[in-house]
Amino acid sequence: MKQPHKEAAPLLPTPLMQLATGFWSFKTYAGAIDVGLFDLLAGGRELTMEEVSGELGIADRPADLLLAGCASLGLLDKSGSRYRNSELSEEYLVEGRPYYFGGFVRYLDRREYPAWQSIVQALRTNRPLTWTPGTQESLFDTEDSETLQLFWDCMYSISTFTARALATAYDFTRHTRLLDVGGGAGAFPIELCRLFGNLSATVLELPHVCDLARQKITDAELNETVDTVVGDFIRDPELPRGYDTIILSMILHDWDEQNGRALLRKCRTALPPDGAVLICELLLNDERTGPPAAALMGMNMLVETEGGKNYSAAEYHDWLLEAGFARVEVLPLNSAGANGVVVGHVS
């Protein structure tokens, strides 16, 4: 029996609508953090819309819309007429929690979101939008201490989970001394040294960042295992020696290829024969067509840096061989901060 002809599904602009309105989700999320919604519902509190309205000091209509928006995004759960934090929000969006993520959202909202509104300027000029080269030394050269604190807090939160993912993907029992180059507040050394008793570690950072790292190390009660050393991995001619593994996490995407290759040559020179360098990044595929997280992080590098971009594992493979590493392996990671680690082995 002849089957009836099925017409092809019409091509609809629905995906374009979703892309065009993506900022609605972000600004709803950021607004809820700024008015204190998740803090209000912390500890299992369940409130009606009217109670939320009264306690936050906002009118019923915006309270109703905010609650519906956050529930639709999976940030709130609802039972009857009462709202409560979802498990995700309770864990990461209540201020004071160990891995509070709200600092990252505030950083994006206050620093990057306004800059992204001028993205065409960055595309046409090939210059960053969040700072001014020539008058500022780097994107971290700012008198806005609150913004910097938000940045380092959010990077610590993200890096903690990347470090845990790395610990399951790579065998650190073969190493004893770890150097985290540009390691921020020390999330990688802290997490890895907790998980691997054979490891001790050092954070290489700028002076004011070392101060932040030392506080985190003290809070983690790891002063006997993790330390800091002041340095500038771009300007210094060499990296410290005495380490058999070096981590570069979300570092190489901040720089152009010339600086990235030069840093890998410094790593190779500093490492012993049994050493390795681990590059943790959101890696593009070899065709440079995705995944979106890596490609869009690359666009953010246009906004934030002079020469940074996200690279593919194949590109890092070539850089590592050119730097003198004997072999390269690529391991997948499941983390917000990295989808893979490219490992360069000295031998």
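Here goes a summary of the coordinates provided. (Residues numbered from 1 in each chain as written. Predicted model: local features only at pLDDT ≥ 70, side-chain atom pairs only at ≥ 80, totals over all residues. Heavy atoms only, no water.)

The helix and strand tally for the chain stands at 14 helices and 10 strands. Taking 347 residues into account, the globule formula puts the C-alpha radius of gyration at 20 Å, and the chain, at 23 Å, falls close to it. Each principal axis of the C-alpha atoms in the chain carries an extent, and together these give about 65 × 65 × 50 Å. Every one of the 347 residues in the chain was classed for burial, and the buried ones make up 47%. Of all intrachain contacts in the chain linking residues separated by at least 6 positions in sequence, the fraction that spans at least 24 positions is 67%. Of the roughly 17500 Å² of accessible surface on the chain, a fraction of 53% belongs to carbon and sulfur atoms. Computed over 29 positive and 48 negative side-chain charges, the separation of the two mean positions in the chain equals 4 Å. (Helix = DSSP H or I, 4+ residues; strand = E, 2+ residues; numbered from the N terminus. Rg over C-alpha atoms; globule rule 2.2 N^0.38 Å. Buried < 20%, exposed > 50% of the residue type's maximum accessible area, 1.4 Å probe, protein only. Contact = heavy atoms within 4.5 Å. Areas by Shrake-Rupley, 256 points an atom, 1.4 Å probe, with all protein chains shown as cover. Lys, Arg positive; Asp, Glu negative; His and termini not counted. Charge placed at Lys NZ, Arg CZ, Asp CG, Glu CD.)

Another point: the packing of helix α7 (residues 102-116) against helix α9 (residues 145-169). Taken N-terminus to C-terminus, the directions of α7 and α9 make an angle of 135 degrees; their axes are 7 Å apart at the nearest point. The angle between the axes of α7 and α9 places the two elements in the oblique class. As α7 runs across α9, the sense of the crossing is left-handed. On α9, the residues touching G103, F104, R106, Y107, R110 and R111 of α7 are E146, T147, L150, F151, C154 and I158. Here the residues of the contact of α7 with α9 sort into 6 nonpolar, 2 polar and 4 charged. (Axes fitted to C-alpha atoms, helices over the stretch in contact; angles between N-to-C directions. Parallel < 35°, antiparallel > 145°, perpendicular 65-115°, else oblique. Left-handed = near helix turned anticlockwise from the far one by under 90°. Nonpolar A, V, L, I, M, F, W, Y, C, P; charged D, E, K, R; others polar.)

A few words now on the pairing of strand β4 (residues 177-181). Of all 5 residues in β4, 4 are buried; the element is thus mostly enclosed. In this structure, β4 lies alongside strand β5 (residues 200-205), joined through 5 bridges in parallel fashion. Within the sheet, the bridge partner assigned to L178 lies in β5 and is A201. One crossover worth recording links β4 to the parallel β5 by way of helix α10 (residues 187-195), and it is right-handed. Pairing of β4 with strand β7 (residues 245-249) involves 3 bridges; the strand directions are parallel. Residue pairing across strands places D180 opposite I247, the latter belonging to β7. (Pairing = 2+ DSSP bridges. Right-handed = clockwise from strand over helix to strand, strands pointing away.)

Purely spatial values, then, with no claim about function.
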